[in-house]
Amino acid sequence: MKLVRMKLFRMIVISAALLGLWQLIILISGVPYYILPTPFAVLLSLRDNYEILIDHAAITFFEIIMGMIIGSIFGCVSALILISFKSARQWLLPIFIISQAIPVFALAPLLVVWLGYGLSSKIAMASLIIYFPVTASFYDGLQQTRKGWLDLAFVMRAKKNTIIQYIQIPAALPALSSGLRVAAAVAPIGAIVGEWVGSSQGLGFLMLHANARMQIDLMFAALLLLAIFAVCFYFIIDKSLRYATAWHHIH
Amino acid sequence: MSIAPTIYIEKLQIKFDEIELFNDLTFTIQSGIWTCLLGQSGVGKSTILRAIAGINDGCEHMGDISFSSHNHHVAYMGQEAYLLPWLNILENVMLGSKLRRETADKQAALKMLHQVGLDDVSSLMPAQLSGGMRQRCALARTLLENQNVILMDEPFSALDAVSRHELQMLTYELLKNKTVLLVTHDPLEALRLGKIIYVLEGRPAKVMPPIEISEAAPRMIGDKIIDHYYPILMNKLVNAERISQ
């Protein structure tokens with residue numbers, strides 16, 4: 001409990017220091033308001049544009065969460081297919097690796113053409129961007145199951161699917177967790193880039209829109225909301241993963 | 001329970017990356033007793049044991065390993081307990097039935113844990129146990145598998161002296177009348193537990209004529225029997241044909 005309070009205390013101090021620094025930079029350099037608004041102006045903008053911001057934020061957050069879910073499911077299923085079937089490994093693994101040479105961002109305009117300006121192209125973008133880290137980390141984890149466990153299972157006359165279910169998947173969870181943490185950090189990027197390329201709603205759209213009208217305080221307010229969400233999202237994912245792999249942390 | 005089988009190893013050839021570990025190896029592991037297998041590191045002791053267990057290590061295999069009964073199933077204990085860290089002790093003991101999709105006999109598992117002296121820890125996680133306790137858990141898991149052939153690959157070597165001594169006694173008591181093959185580095189361990197002691201030498205490896213001890217095991221350190229056989233066994237080990245690694 002004391003540890004948690006210290007952590008919270010440190011976070012408040014760090015945030016306050018950053019805000020102070022921000023204000024200080026404005027005071028010293030005298031940058032004009034339309035380049036860098038003061039923290040207070042951003043707070044005011046948050047209050048004044050509360051409804052718009054919440055509407056757009058809800059869209060973006062939904063895209064991020066859906067992207068995370070869909071990308072993770074596809075990633076996990078792909079890794080399981082790769083580990084279960086030798087022919088899948090031989091045929092699909094090279095394709096999988098080559099496909100990563102294509103920058104996912106470059107696909108964004110294409111996704112908009114194929115899936116439209118709505119939510120689906122952004123969800124697809126977020127899913128695509130996290131698909132690789134999830135698949136790669138889970139597949140690695142599945143592959144690196146300790147031979148001693150597999151030998152033991154063999155001697156116990158285990159079935160192939162129970163080995164995957166009861167030994168390989170749990171053994172790969174710590175590795176999958178690292179992949180999911182990376183995914184939680186990059187999923188918001190996917191959604192925002194998707195919105196920049198073509199959309200009529202979402203925080204990314206709002207930021208571009210505000211930028212074009214020199215509403216720099218609104219832009220910062222949107223950015224702030226996005227940052228807060230991204231941090232909370234990462235935090236929740238990280239905590240749940242730690243809980244799910246608690247055995248990995250006792251020593 | 002059926003009678004423990006004899007295991008016949010006939011003309012066994014094993015090649016591993018062009019290295020010929022065995023070429024025409026023939027020997028017998030007798031039914032219902034403890035057989036020990038000693039020899040220099042790398043001579044192929046574990047390889048024989050794994051071949052009997054049917055574990056595929058990606059080596060070339062020829063020759064014949066046969067059992068005198070129709071049941072070819074074995075139980076295996078390694079140097080490490082290989083407990084699954086995400087399952088508690090009781091679940092680890094019952095792992096076999098889970099992997100075969102059979103209903104687990106919880107009462108039997110608890111009884112095994114009691115036999116190995118682990119009554120109070122069934123809900124703990126493996127990481128919370130000492131090395132000796134983990135190996136006891138592995139023993140309980142082996143017992144629950146209820147096989148007549150037990151293959152053991154240095155199961156006591158990582159333990160401290162006291163735990164090792166205790167676990168040797170316990171294991172021997174609990175695995176009486178089974179066909180046991182114990183691979184070990186420790187001549188004293190072989191002399192305490194084995195009825196028949198084989199030494200492997202050279203490459204490709206051959207078995208030297210075995211030492212057979214008729215007096216009942218487990219024998220205590222300081223026993224005349226052990227004092228009598230220790231120099232004989234050491235002499236065999238010293239004179240065994242060495243392999244260069």
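Notes on the structure follow. If you're wondering where the values come from, they're calculated on a predicted model, not measured in any experiment. (Residues numbered from 1 in each chain as written. Chains lettered and ligands numbered in written order. Predicted model: local features only at pLDDT ≥ 70, side-chain atom pairs only at ≥ 80, totals over all residues.)

At the junction of the two partners, chain A supplies 19 residues and chain B supplies 22 residues. Counting residues per element, the side of chain A that touches chain B draws most heavily on helix 7 (residues 147-155) of chain A, at 7 residues. (Contact = placed C-beta atoms within 7 Å. Helix = DSSP H or I, 4+ residues; strand = E, 2+ residues; numbered from the N terminus.)

This part takes up the sheet that holds strand 1 (residues 7-16) of chain B. Residues and elements named next belong to chain B. Pairing is antiparallel across the open sheet formed by 3 strands, whose spatial order is 2-1-4. Taken across any chain shown, the strands that pair with only one partner, and hence form the sheet edges, are strand 2 (19-29) and strand 4 (60-67). When strand polarity is set aside, the average angle formed by the axes of neighbouring strands in this sheet is 10 degrees. Examined bridge by bridge, strand 1 and strand 2 share 7 bridges and lie antiparallel to one another. Bridging from a neighbouring strand, lysine 15 pairs with glutamate 20 of strand 2. Lying over the sheet, helix 1 (residues 45-53) contacts strand 1, strand 2 and strand 4, oriented at roughly 115 degrees with respect to strand 1. (Pairing = 2+ DSSP bridges. Axes fitted to C-alpha atoms, helices over the stretch in contact; angles between N-to-C directions.)

Okay, helix 6 (residues 161-174) of chain B next. All names here are of chain B. Over its 14 residues, helix 6 extends 20 Å from the first C-alpha to the last, a length consistent with the 20 Å expected when each residue adds 1.5 Å. Where helix 6 is concerned, the buried positions are Leu167, Gln168 and Thr171. When helix 6 is viewed along its axis, its buried side chains cluster within an angular range of 110 degrees and face the same direction. Residues Val162 and Glu173 are exposed on helix 6 and point more than 90 degrees away from its buried face. (Expected span 1.5 Å × (residues − 1). Buried ≥ 20, exposed ≤ 12 C-beta atoms within 10 Å, placed from the backbone. Arc of directions from axis to C-beta.)

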